[in-house]
Amino acid sequence: MKFSIITAVFNNSSFIEFCLRSVMSQTYPHIEHIIIDGGSTDGTLDIILRFTSSSSRIGAYDSLYADHPITDHLSRVPRLISEPDNGIYDALNKGIRMATGEIIGFLHADDLYADESVIEKVSEVMSQSNRESCYGDLIYVNKNNTEKIIRHWRSCPYQQGLFQKGWMPPHPTFFVKRRVYEKYGLFNTDFRIAADYELMLRFLGKHRISTFYIPEVLIKMRVGGASNRSIPNLIRKSSEDYRAIRMHGIGRFPTLFRKNLSKIPQFFKKQ
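Participant: Tell me about the pattern of salt bridges, and please be specific about residues and values.
Facilitator: Overall, the coordinates contain 13 salt bridges when judged by the stated rule. Arg21 is paired through a salt bridge with Glu17; the nearest N and O atoms lie 3.0 Å apart. In this pair, Arg21 and Glu17 both sit in helix 1 (residues 16–24), four residues apart, roughly one turn of the helix. For Arg21, a relative accessible area of 47% corresponds to the partly exposed category. By relative accessible area, which is 23% here, Glu17 ends up partly exposed. A network of salt bridges, in which partner residues are shared, links Lys2, Glu32 and Arg79.

Set out below in structure tokens:
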């Protein structure tokens, strides 16, 4: 079972190397790492290129990638596109279209896997349960000290009706079979901040794909995501969340209220 891990990045020279090394350190061998760079100008691209091969290019993208087989996790070489895009979800969609793995996951440029066996655990669950997707828990950590936990997003097994109560799984921990994207579509780029929420409503709530909860922390996310950087972004995020809820007929305004309220306990239950 092959995994495609997709990272979208733009001007993140401070943390992109940690992300790259986190993928390369995974004990599971069958991984392709696809990096979609938005045309960085701060040295990010130079860092990425240290991990890639300059032996070949992808068509009109003028992008470098490695086409040699994976022999072990230390020789894993990322595939790269570097060009302007129309936001993070447009970039992630490019990565999905490039993906050749059976399972697709995302690791944002600021983020890390919780340990070296995350993909191995996901592979075991997906193989044994024969589910179309799975997800786990996530911790928000200090930007400069990833051992300092700010918030613990502990999820739970999924059942119909949870979305109406304001629930959602942590999207960075959400692994999905590629055929699901082929059948039900990619990220809806009409949503600039909440396309991940809309996609999970569509996959799990509307089309009811099968899923499995792994009760472990899979991802460490540095604080400071796009949806939380400013009051206008928070307002836009809530507006887009509500539009997604109404689009799929999964809940009403109280759903949005509960969704935002559910975050509060995550700041106190950090262990």
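There is more to say after this.
Participant: Could you give me a rundown of the nonpolar core, with the residues and numbers involved?
Facilitator: Nonpolar side chains in soluble globular proteins generally cluster together in the buried interior. Of all hydrophobic cores here, the largest spans 72 residues; its most connected members are Phe3, Ile5, Tyr113, Val122, Phe163, Phe174 and Phe175. The element that contributes the greatest number of residues to this core is helix 6 (residues 195–206), accounting for seven residues. Once residues within four sequence positions are removed from consideration, Val122 is found in contact with Phe3, Cys134, Phe175, Ile214 and Leu218.

Participant: Go over the side chain of Lys259, please, and point to the residues and values.
Facilitator: The residue Lys259 is located in helix 8 (residues 253–261) in this model. A polar atom in the side chain of Lys259 sits 3.0 Å from the side chain of Asp241. Leave out the neighbours within four places in its chain, and Lys259 touches Gly166, Met168, Tyr197, Lys237 and Asp241.

Participant: For the packing of aromatic side chains, give the residues involved together with the corresponding values.
Facilitator: Each aromatic ring pair is described using two quantities: the centre-to-centre distance and the angle formed by the ring planes. Per the counting criterion, the structure on display carries 12 aromatic pairs. Members of the aromatic cluster, joined through ring pairs, are Tyr135, Tyr158, Phe163, Trp167 and Tyr213. Arg222 extends its terminal NZ or CZ atom over the ring of Phe18, reaching a point 5.3 Å from the ring centre.

Participant: Could you give me a rundown of the pairing of strand 9 (residues 213–222), with the residues and numbers involved?
Facilitator: Most of strand 9 sits inside the fold, with seven of its 10 residues counted as buried. Alignment of strand 5 (residues 112–113) against strand 9, held across two bridges, turns out to be antiparallel. When the bridges of strand 9 are listed, Tyr113 appears paired with Ile219. The sheet contact formed by strand 6 (residues 133–141) and strand 9 spans six bridges and is parallel. Paired with Leu138 across the two strands is Ile219, which belongs to strand 9.

Rules and cut-offs
- Each chain has its residues counted from 1, following the order in which its sequence is written.
- Totals for whole chains, interfaces and linings use all residues, but because this is a predicted model, local features are given only for residues with pLDDT of at least 70 and pairs of side-chain atoms are given and counted only at 80 or more.
- As a convention, hydrogens and water are excluded, and side-chain values are obtained from all of the structure's heavy atoms.
- Salt bridges, as used here, are contacts in which a Lys or Arg side-chain nitrogen is within 4 Å of a carboxyl oxygen on Asp or Glu.
- The helix and strand labels rest on DSSP assignments: H or I over at least four residues marks a helix, E over at least two residues marks a strand, and numbering proceeds from the N terminus.
- Categorising residues by exposure relies on relative accessible area from a 1.4 Å probe, with only protein chains included: less than 20% of the type maximum marks a residue as buried, more than 50% marks it as exposed, and the intermediate range marks it as partly exposed.
- We call a set of buried Ala, Val, Leu, Ile, Met, Phe, Trp, Tyr and Cys residues a nonpolar core when their side-chain atoms join them within 4.5 Å.
- Residue contacts are counted whenever heavy atoms from the two residues lie within 4.5 Å of one another.
- Whenever two N or O atoms come within 3.5 Å, that pair is a polar contact, provided that in protein one can donate a hydrogen and the other can accept it, and provided that, for residues adjacent in sequence, both atoms are side-chain atoms.
- Between rings of Phe, Tyr and Trp, where Trp is taken as its six-membered ring, a pair exists when centres lie within 6.5 Å; planes separated by under 30 degrees are stacked, by over 60 edge-to-face, and by other angles tilted.
- By definition here, charges over rings are those cases where NZ of Lys or CZ of Arg is within 6 Å of the ring centre and within 35 degrees of the ring normal.
- If DSSP finds at least two bridges between two strands, the strands pair.

These results come straight from atomic positions and should not be treated as a statement about function.
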